[in-house]
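Structural features, examined
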Amino acid sequence: MANADTTCKHLLSIEELKKKELMSYVFSADSFVEISERNLKKVPALRGKTVINLFLEPSTRTRVSFEIAGKRLSADTINISGSGSSVSKGESLLDMARTLEAMKPDVVVIRHQSSGAAHYLANELTETSLVNAGDGMHEHPTQALLDLLTLYRYYVNQQEDGARIGSEVLEGKKIAIVGDVRHSRVARSNIWAHLHLGNEVRLVAPSTLLPKEFEQPSAFGGKVKLYHDLRAGLEGVDIIMILRMQLERQESFFVPSLEEYTRLYCVSNSIINECAPIAVVLHPGPVNRGVEISRDVIDSPRSLINEQVKHGVAVRMAVLFHLATGGISSEAANTTEEQKAA
Ligand code: CP
């Protein structure tokens, strides 16, 4: 969607990243996790830098974790929502973005209800780095990065020596993405991420909730497979990503009733034990307990949902650091306030 030279200055989509760039974000984020475990959770890496979080759609995890990430890196962070901004007086997105750019932020993080909003601004603004924090039904790149970081750390910890290794720990996997794929930017970013890794991607949903672009079996090197039956789709997979039914994006109802959807597609521990006993479970949140995922899965050892939230901070630290500094080694970012003063 964007021209190629926007990829270094901005993070707009996973589709336009190369595998190497994708994994460099994951490895960099892996080194940022430890900062949030410290007693003093702050490093001076982005002192003097300004990050604006422009959230024109509701968010808890993404908005809070970008704010925490900026603060832990010592950046000045400013949060703007739709209702508290001049958007509510009719100002256009572009005029607002140009106004913000005139105040010289280093990075603007934007969530917007329109697919393509982040790319549109990236082509119009000249100085500011942009992060797409979710644009309509298009992409949510930092969500896919935190999902990959969660899987990376899980599989590394499964190894006897726990040694950090390369992207191979994430390769050769089968992932099933279950639920409202059609309306999900999380699904699109994760599909691209796993295609970059060469993994098999299964989309499991009623036909009305599967996006048209994945319907051709020959597309995407045959790596994307569609299933309408939950058990068949889960058979033998390593990773199950469960999606929320996004009623706020559905102009008409895409399933006869939520009860029927739940009866056919709610993922429970008994189904996972039967079809994919070694699988781990991801969910981007917010979760509708008992609708798309049963309570016993959320609270089971196979659930990595809390790890996803935790890793969201590290991923957003890595992304802000990379864009605000031009990608200096994360070693520099790990210098503590005390080390710097010594
Ligand atoms: N996963 C996610 O984007 O959650 P929020 O909408 O709460 O940010």
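Our structure's up above, just so we're on the same page.
Below, the structure is looked at part by part. (Residues numbered from 1 in each chain as written. Predicted model: local features only at pLDDT ≥ 70, side-chain atom pairs only at ≥ 80, totals over all residues. Heavy atoms only, no water.)

1. Focus on the overall build of the protein chain
When you go through the protein chain residue by residue, the secondary structure sums to 13 helices and 9 strands. Expressed along its principal axes, the backbone C-alpha trace of the protein chain runs to roughly 55 × 55 × 35 Å. Taken over 342 residues, the protein chain has a buried fraction of 56%. Sequence-distant contacts in the protein chain: of pairs separated by 6 or more residues, those separated by 24 or more amount to 76%. (Helix = DSSP H or I, 4+ residues; strand = E, 2+ residues; numbered from the N terminus. Buried < 20%, exposed > 50% of the residue type's maximum accessible area, 1.4 Å probe, protein only. Contact = heavy atoms within 4.5 Å.)

2. Some details on the sheet that holds strand S9 (residues 280-282)
On the basis of which strands lie adjacent, the open sheet formed by 5 strands has the order S7-S6-S5-S8-S9 and parallel pairing. Two strands in the sheet have a free side with no partner beyond their single neighbour: strand S7 (224-227) and S9. Averaged over all pairs of adjacent strands, the angle between strand axes in this sheet comes to 20°, irrespective of strand direction. Relative to S9, strand S8 (residues 239-242) is paired through 3 bridges, and the arrangement is parallel. Its bridge partner being in S9, Ile239 is matched across the sheet by Val280. (Pairing = 2+ DSSP bridges. Axes fitted to C-alpha atoms, helices over the stretch in contact; angles between N-to-C directions.)

3. Considerations on the pattern of salt bridges
Under the counting rule described, the total for this entry stands at 14 salt bridges. Note that Arg153 and Asp30 form a salt bridge whose closest N and O atoms lie 2.5 Å from each other. Separated by 123 residues along the polypeptide, Arg153 in helix H5 (residues 141-158) and Asp30 in helix H1 (residues 19-32) bring together distant segments of the chain. Of the two residues, Arg153 and Asp30, both sit in the buried class. (Salt bridge = Lys/Arg side-chain N within 4 Å of Asp/Glu carboxyl O.)

4. A word on the side chain of Ser13
Assignment of secondary structure puts Ser13 in the segment before H1. In this structure the side chain of Ser13 is engaged in a polar contact, spanning 3.3 Å, whose partner is the backbone nitrogen of Glu16. Residues within four places of Ser13 in sequence aside, it is in contact with His119, His138, Glu139 and Pro141. (Polar contact = N/O pair within 3.5 Å; in protein donor to acceptor, adjacent residues only side chain to side chain.)

5. A closer look at the sheet that holds strand S2 (residues 76-81)
Reading across from one edge, S2-S1-S3-S4 is the order of the 4 strands in this open sheet, with parallel pairing throughout. What marks the edges here is a single partner per strand, and that holds for S2 and strand S4 (129-135). Taken over all neighbouring pairs, the strand axes of this sheet differ in orientation by 15° on average, direction set aside. Where strand S1 (residues 50-55) and strand S3 (residues 107-112) come together, 5 bridges link them in parallel fashion. Across the sheet, the residue bridging to Phe55 is Arg111, located in S3. With respect to the sheet, helix H4 (residues 117-124) is in contact with S3 and S4, its orientation differing from that of S4 by roughly 165°.

6. Observations concerning the state of the cysteines
Tallied over the full model, the rule gives 0 disulfides. Counting only cysteine sulfurs, Cys275 is the nearest neighbor of Cys266, a cysteine outside any disulfide, at a range of 14 Å. A relative accessible area of 13% places Cys266 in the buried class. Looking at Cys275, the relative accessible area reads 3%, which means it is buried. (Disulfide = S-S within 2.5 Å.)

7. A short note on the site of the ligand
Close contacts around the ligand come from Ser59, Thr60, Arg61, Thr62, Arg111, His140, Gln143, Pro284 and Gly285, and that covers them all. Interatomic distance of 2.6 Å between a side-chain N/O atom of Ser59 and an oxygen atom of the ligand. Note that an oxygen atom of the ligand is positioned 2.7 Å from one of the side-chain N or O atoms of Arg61. In isolation the ligand exposes 260 Å². Once the protein is present, 90% of that is buried. Within the shell around the ligand, the residues separate by chemical class into 1 nonpolar, 6 polar and 2 charged. (Near = heavy atom within 4 Å. Areas by Shrake-Rupley, 256 points an atom, 1.4 Å probe, with all protein chains shown as cover. Nonpolar A, V, L, I, M, F, W, Y, C, P; charged D, E, K, R; others polar.)

8. Here we look at the packing of H5 against helix H11 (residues 305-325)
Look at H5 against H11: their axes get within 8 Å of each other, and the N-to-C directions meet at 115°. Handedness of the H5/H11 crossing: right-handed. Each of Thr142, Gln143, Leu145, Leu146, Asp147, Leu149, Thr150 and Arg153 in H5 lies in contact with H11, whose residues at this interface are Glu307, Gln308, His311, Gly312, Ala314, Val315, Arg316 and Val319. Counted by class, the contact of H5 with H11 contains 6 nonpolar, 6 polar and 4 charged residues. (Left-handed = near helix turned anticlockwise from the far one by under 90°.)

9. Section: the side chain of Asn269
Mapped onto the elements, Asn269 comes out in helix H9 (residues 269-275). Residues in contact with Asn269, not counting those within four places in the same chain, are Ser294, Asp296, Val297, Ser300 and Arg302.

10. Section: the environment of Asn132
Structurally, Asn132 can be placed in strand S4. According to the relative accessible area criterion, Asn132 is buried, its value standing at 0%. The spatial distance from the C-alpha of Asn132 to the C-alpha of Gly84 is 20 Å, given a sequence separation of 48 residues. With sequence-adjacent residues up to four places away left out, Asn132 is seen in contact with Leu11, Leu12, Ile110, Ala118, Glu139 and Pro141.

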